[in-house]
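Letter by letter, the chains look like this.
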Amino acid sequence: MDQINANDLLTRLQTGDQLNLLDVREEIEYHTHNIGGRNIPLSILQKNINQLEYNKTDEIIVICKAGLRSETAQSILIQNGYQNVKNLTGGLIALHKLQ
């Protein structure tokens, strides 16, 4: 499965790339700290998969705290036909270490 590391994501964020970020942490985590993007917690992702506003070919970068929930979400998206899904390895923890 495709991955993106924290350094590459930070570079893309700093250069103003338009990114499709999907944060799969719980809502309270998202509101405590986030880097933008859409929040659909992993616990309800499968049930709400049809509410995603992405095309099946769009690049989607899935993020969470440490990279485990986002990896599971990546699998769910791929199983549902999304073709360009990347997992942020190390999650927001890895990104925070760079800032």
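Look up: the structure comes first, before these words.
About the criteria used
- Residues numbered from 1 in each chain as written.
- Predicted model: local features only at pLDDT ≥ 70, side-chain atom pairs only at ≥ 80, totals over all residues.
- Heavy atoms only, no water.
- Phe/Tyr/Trp six-rings, centres within 6.5 Å; stacked < 30°, edge-to-face > 60°.
- Lys NZ or Arg CZ within 6 Å of the ring centre and 35° of its normal.
- Buried < 20%, exposed > 50% of the residue type's maximum accessible area, 1.4 Å probe, protein only.
- Helix = DSSP H or I, 4+ residues; strand = E, 2+ residues; numbered from the N terminus.
- Arc of directions from axis to C-beta.
- Contact = heavy atoms within 4.5 Å.
- Polar contact = N/O pair within 3.5 Å; in protein donor to acceptor, adjacent residues only side chain to side chain.

Colleague: Describe the packing of aromatic side chains, naming the residues involved and giving the relevant values.
Modeller: One pass over the structure, following the stated rule, counts 0 aromatic pairs. A cation over a ring is seen here: Lys 56 above Tyr 82, with NZ or CZ 4.7 Å from the ring centre.

Colleague: I'd love a proper account of helix α5 (residues 91–98), names of residues and values included.
Modeller: If you check which residues of α5 are buried, you get Gly 91, Leu 92 and Leu 95. In an axial view of α5, the angular spread of the buried residues amounts to 100°, which keeps them on one side of the axis. Along α5, exposed side chains directed more than 90 degrees from the buried face belong to His 96 and Lys 97. Residues of α5 that are buried sit in contact with α1 (6–14), β2 (21–23), β4 (59–63) and β5 (84–88).

Colleague: Run through the side chain of Arg 25, naming residues and quoting values.
Modeller: Take Arg 25: it is sitting in the loop between β2 and α2 (27–32). A polar contact of 3.3 Å, which involves the side chain of Arg 25, links it to the backbone oxygen of Glu 29. With sequence-adjacent residues up to four places away left out, Arg 25 is seen in contact with Tyr 30, His 33, Asn 34, Asn 39, Pro 41, Ile 63, Cys 64, Lys 65, Arg 69 and Leu 92.

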